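A look at the structure
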Amino acid sequence: MKKTTLTILMTFILFASGYAQSNEDVFGSTYELVTGYSQVPPDGIYLIAGYLSEKSGGSLYLMSSDSLNNGEIKGKLHANVTTDAPPAKIVLDESSYSKEIPGLEYRFLYQETEKKERKFSILNNGRYLTNVSNSNIEFQSTNSLWYLNSISLNNNRIRFYNNGYKIAFITKTKVLKIAKFTTTSPDINLYRKVSHAIKMGKTGYSTFYYDSNDARLPEGLTAYTYSIKQDGDVTKLVSTHQFNAGDIIPAGCAVVVKGKPGNYSIVLLEPTSTEKFDNSLKGTNYTKVIGNDANKQYYMLSLDNNGENVGFYWGAADGGAFTNKAHGAYLAIEKSANGKVTSFALNPEGDCATGITTVETNSKADSAIYDLSGRRTVNPSHGFYIINGKKYLK
């Protein structure tokens, strides 16, 4: 059976016609077709797909939780698939689809029942895929277990069911939905994510986080964990571990990634590493508003207001909660006893940063000058300073 690789550039709105290029070198994350029971591991990230053979129009459809009609997807995401078998791989330009069609990725969490049955929770953006009375796909806060019923190795299709409901691709109407069926027609295709695409911009920094997979760092990139350290009155953000090319980043370990501008592919692995690191970085597996703990301050990796220095800066007023991107990392620290640390500008080596602390002033001291550590100075040399609670470069 001929296997093909499909590259999809999702730079269109949901109901627009799909567009694809045959060039397999297009940058993006890679998903491989599930062809056997063992390829549905206890914890993984998937695309749920419906497929029409070349004889029926040769089209691939991907289920999106954020489409209209309670999860039915009618947009043809790829046309002219010249094979009667589902493509062996899909390469998605995530930078495009995550903005225009979020909710394509599904996380499967294995849960063993009392009868030792292999069932899965299927989540998207933190909500559970649930069977509902109107037969449409919906997501709720209540867990709902799906049983992997069978796999047909001849057509690479699988079947999930829950209390008589099945996740189905309806070829006649060309939609994915939940419905009750007595025939074999509701078979669907699964694509498991095997690599994550990361694009390094001109700053040379990014972040990375997966809570369900170990990850192998590619050539050209280094990654760091960080922890808050106090040096007297100075709050510092210090690197506690460095990952080099080929090293394994454990599942649940948030890191800052450093490298030359360009496109990189981080291979995702089964979560087997047990290494733990002193790390103040956190992450989210999907785009969400991070928790708002009144005793903590939150920072995102970005440039300063002058667009010059990379570091961790408040993502919201007073270090409050903000929306963190999927598979990205952020910094969360306890509120400093000697003032509100507004930022940590990274040095070129990426291994240490000194916190810039907001200094409270009164009418008699509005013109006072403070260094990055919050200490008052009379004759400042070149560098960053705080004047009246604002940061200035001399």
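Look a little higher up for the structure.
A brief look at the structure comes next. Because the structure is predicted, anything quoted here is derived from the model rather than measured.

Description of the pairing of strand 7 (residues 105-112)
- Alignment of strand 4 (residues 43-52) against strand 7, held across five bridges, turns out to be antiparallel. The partner of Y46 across the bridge, within strand 7, is Y106.
- The sheet contact formed by strand 7 and strand 8 (residues 118-124) spans six bridges and is antiparallel. Paired with F108 across the two strands is I122, which belongs to strand 8.

Side note on unusual backbone geometry
- One non-glycine residue with positive phi stands out, namely D318, at about 60°.
- Examined against the element boundaries, D318 turns out to sit in the loop between strand 26 (310-314) and strand 27 (323-324).
- Accessibility expressed as a relative area gives 47% for D318, which makes it partly exposed.
- Of note, H327 is a non-glycine position whose phi angle comes to about 60°, a positive value.
- Along the chain, H327 falls in the loop between strand 27 and strand 28 (328-334).

Re the packing of aromatic side chains
- Enumeration over the complete set of coordinates arrives at 14 aromatic pairs.
- When the centroid spacing of 6.0 Å and the interplanar angle of 90° are considered together, the rings of F120 and F160 count as edge-to-face. Of this pair, F120 sits in strand 8 while F160 sits in strand 12 (residues 157-162), placing them 40 residues apart in sequence.
- Measuring from centroid to centroid gives 6.3 Å for F322 and Y330, while their planes differ by 80°, and the two rings are edge-to-face.

Section: the pattern of salt bridges
- In total, this model carries six salt bridges according to the counting rule given.
- Residue D211 pairs with R107 through a salt bridge whose shortest N-O separation is 3.0 Å. Here D211 is found in the loop between strand 16 (205-208) and strand 17 (214-216), whereas its partner R107 is found in strand 7, with 104 residues between them in sequence.
- Taking relative accessible area as the criterion, D211 reaches 28% and is therefore assigned partly exposed.
- Between E334 and K296 there is a salt bridge, with the nearest N and O atoms lying 2.8 Å from each other. Taken together, the residues span a long stretch of sequence, with E334 in strand 28 and K296 in strand 25 (residues 296-303) at a distance of 38 residues.

Quick word on the pairing of strand 13 (residues 165-170)
- When you tally the buried positions in strand 13, you get six out of six residues, the bulk of the element.
- Bridging between strand 12 and strand 13 involves two bridges; their strand directions are antiparallel. Each bridged residue has a counterpart across the sheet, and for Y161 the counterpart in strand 13 is K166.
- Where strand 12 folds back on strand 13, the antiparallel hairpin that results is connected by two residues, among which N163 adopts a positive phi of roughly 50°.
- Inspection of the sheet shows strand 13 paired to strand 14 (residues 175-180) by six bridges, in the antiparallel sense. Each residue of the ladder has a partner; that of I167, found in strand 14, is I178.

What to know about the side chain of S121
- Within the secondary structure, S121 sits in strand 8.
- Under the relative-accessibility criterion, S121 is labelled buried at 0%.
- Within the structure, the side chain of S121 is placed 2.8 Å from the side chain of N143, a separation counted as a polar contact.
- With residues up to four places along the chain from it excluded, the contact list for S121 reads R107, F108, L109, Q111, Y128, N143, S144 and L145.

What counts and what doesn't
- Residues numbered from 1 in each chain as written.
- Predicted model: local features only at pLDDT ≥ 70, side-chain atom pairs only at ≥ 80, totals over all residues.
- Heavy atoms only, no water.
- Pairing = 2+ DSSP bridges.
- Helix = DSSP H or I, 4+ residues; strand = E, 2+ residues; numbered from the N terminus.
- Buried < 20%, exposed > 50% of the residue type's maximum accessible area, 1.4 Å probe, protein only.
- Phe/Tyr/Trp six-rings, centres within 6.5 Å; stacked < 30°, edge-to-face > 60°.
- Salt bridge = Lys/Arg side-chain N within 4 Å of Asp/Glu carboxyl O.
- Polar contact = N/O pair within 3.5 Å; in protein donor to acceptor, adjacent residues only side chain to side chain.
- Contact = heavy atoms within 4.5 Å.

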